[in-house]
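Observations on chain architecture
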Amino acid sequence: MLRVGSKAACMACGNLVSNQVRFRIPLQKLHPLSRAIHHRYSGNTNPQRPPHRTAARYFTSMSRLPMRQPKPAPGSGGRYYQQQRNFWVVRLASRLLKLRYILLGTAVGGGYTAKKTYEEWKDMLPDFSEYNWVIPDFVWELSEQIDLDKLAKALPEMEEIAKLLPDLDKIGENFTFLKSLLSSGVSLGSEVKGASGLHLLLETSGDPPLKATDSSAAATHDVSEKQYKKSSDKEKVDQLQEELLRTQLKYQRMLERLEKENKELRKVVLQKDDKGIHQRKVKKSLIDLYSEVLDILSDYDANYNTQDHLPRVVVVGDQSAGKTSVLEMIAQARIFPRGSGEMMTRSPVKVTLSEGPHHVAIFKDSGREFDLNKEEDLAALRHEIELRMRKSVKEGQTVSCETISLSVKGPGIQRMVLVDLPGVISTVTTGMAADTKETIFSISKAYMQNPNAIILCIQDGSVDAERSIVTDLVSQMDPHGKRTIFVLTKVDLAEKNLASPSRIQQIVEGKLFPMKALGYFAVVTGKGSSAESIDSIKDYEEDFFQSSRLLRDGMLKAHQVTTKNLSLAVSDCFWKMVRESVEQQADVFKASRFNLETEWKNNYPRLRELDRNELYEKAKNEILDEVISLSQVTPQHWESILQKKLWERVSTHVIENIYLPAAQTMDSGTFNTTVDIKLKQWTDKQLPHKALEVAWETLQEEFARFMAEYKGKDQDDIFDKLKEAVKDDSIKRHKWNERAMDSLRVIQHNALEDRSITDKPQWDAAIQFMEETLQSRLKDTESVIRDMVGPDWKQRWLNWMNRTPDQHIRNETKNELERLLKLHDDHTAYLANDEVTTVRKNLEGRGVEVDPVLIKDTWHQLYRRHFLQKALSHCNLCKRGFYYYQRHFVDSELECNDVVLFWRIQRMLAITANTLRQQLTNTEVRRLEKNVKEVLDDFGEDNEKKTQLITGRRVQLAEDLKKVREIQEKLEAFIEALHKEK
């Protein structure tokens, strides 16, 4: 704004100044024609001439030219006409000169605007210099292996690439026009209106002498001209937006083509490196090192308030919101089980994405590689993931907190670690556990409360935003949105169903939800068919956004759409978070390691730091040494133990069922016949089986004895539970060779058939064996009788003991039966009924009521004692009967057939013990050793079993020390590799 002083050059200018006229532009820049008008009348002193108005109208070279001249004053004559003609020439010349300057200014302004617009458009492209770390080190060494000159010649020429560039002049012209539409107000020399012409408008107030006389006609023309230009301007804006979109799509296709070529080239290089062309040590990738740290932490029981705060991408969302589909698009493979509306993700799945020459998937605890380019392997992978999920879910539950670890490698995959969590539900349906909703919430919170976890919040765009549950949960865990990335899925359905597309714009701008986020993305993950491939989904997504009005109308920005841009942004955010937090976590584990080492030094200063696996290996070697010790047992020891145990097992049967019944006969022929029959039956049915049982029990007892003896040699009692479990399980698994029973039966039958005693020592040994057996039985019988009748008079007086009423009755019965035996020394083994009645009546006469059954039971024990006493006497007589035996007891009243029976039994025991000993040492000990090894191997593969059998604070402390050291070492290796990559 400029005020002209009182010393004006002419009267017209003086009148303007005296009336305090304000111009929007400096006075010296007024139209030359207006200045000429002012100074032409400066010499006129006619007081009747009206003053100039206070405003002037702006004219351009495109206005109506010339204006209608006012009528000449009377009396002016030809002089006035000449002046008018000269004035028209000057005015035309001045307008032509003005048009030149305006065109020059417009060209300069348009060029500057075009340059600025091009710079802004170029800034919209991602900075690929930040992604140099994606390319491994060996790619930079390609010049040694690949001819880069040939590769450069194969690339398109710069002229072909230049054809793809936009018309910068046209874009500048159109942006200038667009800017004029958005500006408010029109000022001289600074406002541009229209794309084909320039129209400077000088506003006037009042009726200046230069104003057209036909003002109404001019106004009507201006209004129609403005309406026409508005309609043409709108068309130009639409054309500009379409041209920008087409240009962007051209660049995008060009980038995709170059990336595809780069991907194939990297694949070839990685394959060559994988085959060993580069003779250098293959190092683990950076993401693999980081994934190993996370795997160890997932199994680590955090003590001393040590928590896992390492970054990972946590994928959360409502059920069926498209979480799994987004992960599959990032992993570039359909790797997860599919379901129509039902819950498929039942446990967290940790997916480690990395670059590799082949597109494969590998489980952490398995060596099998699933080729993701083959549909058979994809189906097998989905089935395996589903089986692992169902196996991890405990009985009575619907979801599990156990993590399934999976690695996916392939060319061009962005490196990161993602964890797919079960979808958040609002209602528990039939078939679900009652606490399913709360369990899913707790699992999601446990992962999201990690302050370094990146939350990938998935929202279904095809449903009402008010129905979202996960957004409130994410807002609670990350209220400021510093580590949250929001993803709107199923945008194609959202655009089709929503009446107001601006609602999608509100969502991706963060204005509809209360939650905050680092970035907002809109993606399309297919048409909902499980048979769609990743490539078809990508094509569908690209075609949708190319034709979508959301992008065309500016509701969505180009960097906010497609899963490809999403994966780039998530990977960038992930590695940024890793670089910021990994060193801090390494310091935390360093402090934890110091605390654990201090505790070990104070509590176990003289013991090595052996973890559970190392302790198990030590115990395994000790147990195997004990099993090997069984082979060092002498044959004499084996046979002695076997013979003793076998006789203890069968002696009762021999005495009660063979010897006593045969001894009741009256002559030797009947005795031998009875013995042969009963021995044959016994051998066929019971004896071999009893012998094998004795052998197996003997092996177990010797095994346990060696383990107990070894325990005394500075053995750690921490192995007791493990050794007991190994012994029991090995015994359960051991099956004696059944084929040995048949051969053993034949051997025993032949041994019992032999009656020939060859020399006097064998005879004496048989008599000694018989005497020891009968004395043992006699002692047992007398013990039974004492228990029946109670203490005698000496015990009653010395020990103050009394008989019970039952014992008193039995004692009276015993006395009565003993008198009967004295009268009938050769009485048979059984009482006759009349004898039982006589005994009962005699007892009743003394006032003792007795039952006939009690009389028979008492008689059995008394007769047994009486018989054994007589047999021992007979055994003493047979000590000198070997001579009569050699003569077959001819012309002799002495018969020692019972001695021959016991010799046959004794010889059968010796032969059976020898046979079993051979089978033990040659076969069964080795089979037992094999079973023990199998049990130990099975226990070694079962971590839960080892945890149950090897316990204690010492074990747990060693385990924590080992894992903390391992975590710290891997973190340091990862940090070193991370610094090298920078």
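Residues numbered from 1 in each chain as written. Predicted model: local features only at pLDDT ≥ 70, side-chain atom pairs only at ≥ 80, totals over all residues. Heavy atoms only, no water.

An unreviewed UniProt entry lists the protein under the name Dynamin-like GTPase OPA1, mitochondrial, from Parambassis ranga. In its Catalytic activity (unreviewed entry) section, the UniProt entry covering the protein states "GTP + H2O = GDP + phosphate + H(+)". Listed in UniProt under the heading Subunit (unreviewed entry), the comment for the protein reads: "Oligomeric complex consisting of membrane-bound and soluble forms of OPA1." (UniProt positions renumbered as here; feature names shortened; annotations may be inferred.)

Here we come to the overall build of the protein. Secondary structure summary: the protein contains 33 helices and nine strands in total. Across the 982 residues of the protein, 43% fall into the buried class. For the protein, the exposed surface amounts to about 54900 Å²; the carbon and sulfur share of it is 51%. (Helix = DSSP H or I, 4+ residues; strand = E, 2+ residues; numbered from the N terminus. Buried < 20%, exposed > 50% of the residue type's maximum accessible area, 1.4 Å probe, protein only. Areas by Shrake-Rupley, 256 points an atom, 1.4 Å probe, with all protein chains shown as cover.)

On to helix 11 (residues 375–392), then. Taking 1.5 Å as the rise per residue, helix 11 with 18 residues should run 26 Å; its terminal C-alpha atoms sit 26 Å apart, in good agreement. Of all the positions in helix 11, only Asp377, Leu378, Leu381, Arg382, Ile385, Met389 and Ser392 are classed as buried. Mapping the buried residues of helix 11 onto a view down its axis gives an arc of 140 degrees, with all of them on the same face. Among the exposed residues of helix 11, those pointing more than 90 degrees away from its buried face are Glu376 and Lys391. (Expected span 1.5 Å × (residues − 1). Arc of directions from axis to C-beta.)

It is the contact of helix 25 (residues 760–789) with helix 29 (residues 852–877), at a shortest axis distance of 9 Å, that shows an interaxial angle of 155 degrees. Taken together, helix 25 and helix 29 sit at an angle that is classed as roughly antiparallel. Here the hand of the crossing between helix 25 and helix 29 comes out left-handed. For the pair helix 25 and helix 29, the contacting residues are Ile767, Met770, Glu771, Leu774, Gln775, Arg777, Leu778, Thr781, Glu782, Val784, Ile785 and Met788 in the first and Thr858, Gln861, Leu862, Arg864, Arg865, Leu868, Gln869, Ala871, Leu872, Cys875 and Asn876 in the second. When grouped by side-chain class, the residues that make up the contact of helix 25 with helix 29 number 12 nonpolar, six polar and five charged. (Axes fitted to C-alpha atoms, helices over the stretch in contact; angles between N-to-C directions. Parallel < 35°, antiparallel > 145°, perpendicular 65-115°, else oblique. Left-handed = near helix turned anticlockwise from the far one by under 90°. Contact = heavy atoms within 4.5 Å. Nonpolar A, V, L, I, M, F, W, Y, C, P; charged D, E, K, R; others polar.)

To continue, consider the state of the cysteines. With the rule as written, the count across this model stands at one disulfide. In this model, Cys878 is linked to Cys896 through a disulfide, with the two sulfur atoms separated by 2.1 Å. Between Cys878 and Cys896 the sulfur-sulfur dihedral comes to about -100 degrees; the bridge is accordingly left-handed. Of the two residues, Cys878 is situated in the loop between helix 29 and helix 30 (882–886) and Cys896 in the loop between helix 30 and helix 31 (897–941); the sequence distance between them amounts to 18 residues. (Disulfide = S-S within 2.5 Å.)

Spatially, 4-3-5-2-6-1-7-8-9 is the arrangement adopted by the nine strands of the open sheet, whose pairing is mixed. Two strands bound the open sheet, and with one partner strand each, they are strand 4 (369–371) and strand 9 (519–522). Across this sheet, the average inter-strand angle for adjacent strands is 25 degrees, counted without regard to direction. Where strand 3 (residues 360–363) meets strand 4, three bridges bridge the pair, whose relative direction is antiparallel. Counted as the bridge partner of Val360 is Asp371 from strand 4. (Pairing = 2+ DSSP bridges.)

This paragraph deals with unusual backbone geometry. A positive phi angle is found at Gln332, which is not glycine, with a value near 65 degrees. Within the element layout of this structure, Gln332 appears in the loop between helix 10 (323–331) and strand 2 (349–354). Unusually for a residue other than glycine, Lys490 sits at a positive phi of about 55 degrees. One can find Lys490 in the loop between strand 8 (484–489) and helix 14 (491–497). Residue Lys490 is classed as partly exposed on the basis of its relative accessible area, which comes to 22%.

Tyr659, Trp682, Trp763, Ile905 and Val932 are the most contacted members of the largest nonpolar core, which has 100 residues in total. The element contributing the most residues to this core is helix 31, with 17 residues. Contact partners of Val932, with chain neighbours within four places excluded, come to Ile623, Leu624, Val627, Phe703, Val726 and Ser730. (Core = buried A, V, L, I, M, F, W, Y, C linked by side-chain atoms within 4.5 Å.)

Among the surface-exposed residues, Trp793, Trp797 and Leu798 lie close enough to one another that they form a single nonpolar patch of about 490 Å² accessible area. Its location among the elements puts Trp793 in helix 26 (residues 793–799). (Patch = residues over 30% accessible without salt bridge, like charges linked within 9 Å, V, L, I, M, F, W, Y side chains within 5 Å. Salt bridge = Lys/Arg side-chain N within 4 Å of Asp/Glu carboxyl O.)

Glancing now at the packing of helix 20 (residues 635–663) against helix 25. Across the interface, helix 20 lies against helix 25 with an axial gap of 12 Å and an inter-helix angle of 85 degrees. Comparing their axes, helix 25 and helix 20 come out roughly perpendicular. Residues Trp647, Ser651, Thr652, Ile655 and Tyr659 of helix 20 form the contact with helix 25, whose own contacting residues are Phe769, Met770, Thr773, Leu774 and Arg777. Taken together, the residues of the contact of helix 20 with helix 25 sort by class into six nonpolar, three polar and one charged.

A word on the packing of aromatic side chains. A full pass over the atoms with the stated rule returns 14 aromatic pairs. Judged by centre distance (5.3 Å) and plane angle (75 degrees), the rings of Phe574 and Trp575 are edge-to-face. Across the pair, exposure class does not vary: Phe574 and Trp575 are buried alike. When the centroid spacing of 5.3 Å and the interplanar angle of 65 degrees are considered together, the rings of Tyr659 and Phe902 count as edge-to-face. Here Tyr659, found in helix 20, pairs with Phe902, found in helix 31; they are 243 residues apart in sequence, far enough to count as distant. The burial state of Tyr659 is the same as that of Phe902; both residues are buried. Within the aromatic cluster, the residues linked to one another by ring pairs are Trp647, Tyr659, Phe769, Phe867 and Phe902. Just above the ring of Phe363 sits the side chain of Arg388; from NZ or CZ to the centre is 4.0 Å. (Phe/Tyr/Trp six-rings, centres within 6.5 Å; stacked < 30°, edge-to-face > 60°. Lys NZ or Arg CZ within 6 Å of the ring centre and 35° of its normal.)

To continue, consider the confidence of the model for the protein. Interpretation of the predicted coordinates at a detailed level should be avoided for regions scoring low in pLDDT. The pLDDT averaged across the protein works out to 75; a share of 70% of its residues lies at or above 70. The weakest mean pLDDT in the protein belongs to helix 2 (residues 32–40) at 40; the strongest belongs to strand 1 (residues 313–317) at 92. Note on residues 275–282: pLDDT under 50 across the span, and seven contacts to partners over four residues away in sequence or across chains. (pLDDT = per-residue confidence, 0-100.)

Right, let's talk about the pairing of strand 1 for a bit. It is a general feature of regular strands that their side chains alternate between the two faces of the sheet. With five of five residues buried, strand 1 lies mostly within the body of the structure. Both faces of strand 1 are covered, namely the face carrying Val313, Val315 and Gly317 and the face carrying Val314 and Val316. Where strand 1 meets strand 6 (residues 416–420), three bridges bridge the pair, whose relative direction is parallel. Note that in strand 6 the partner of Val313 across the bridge is Leu418.

Our next topic: the pattern of salt bridges. Summed over all chains, the structure comprises 44 salt bridges. Between Arg755 and Asp676 there is a salt bridge, and its shortest N-O distance comes to 2.1 Å. With Arg755 in the loop between helix 24 (739–753) and helix 25 and Asp676 in helix 21 (residues 668–685), this pair connects stretches of sequence that are 79 residues apart. For Asp676, a relative accessible area of 25% corresponds to the partly exposed category. For Glu771, the salt bridge is made with Lys879, and the minimal N-O distance between the two is 3.9 Å. Separated by 108 residues along the polypeptide, Glu771 in helix 25 and Lys879 in the loop between helix 29 and helix 30 bring together distant segments of the chain. A relative accessible area of 18% means that Glu771 is categorised as buried. When salt bridges that share partners are traced, they join Arg593, Glu597, Glu609 and Arg965 into one network.

Counting buried positions along strand 5 (residues 404–409) gives five out of six residues, so the element sits mostly inside the fold. Bridge count between strand 2 and strand 5: six bridges; the pairing is parallel. Looking at strand 5, one finds that Thr352 is bridged to Ser407.

Position of Arg312 among the secondary structure elements: in the loop between helix 9 (286–298) and strand 1. A distance of 2.9 Å separates the side chain of Arg312 from the backbone oxygen of Leu310, its partner in a polar contact. If we skip the residues at most four places from it in the chain, Arg312 touches Tyr290, Leu294, Val417, Val419, Asn450, Asn452, Ala453, Ile454 and Phe574. (Polar contact = N/O pair within 3.5 Å; in protein donor to acceptor, adjacent residues only side chain to side chain.)

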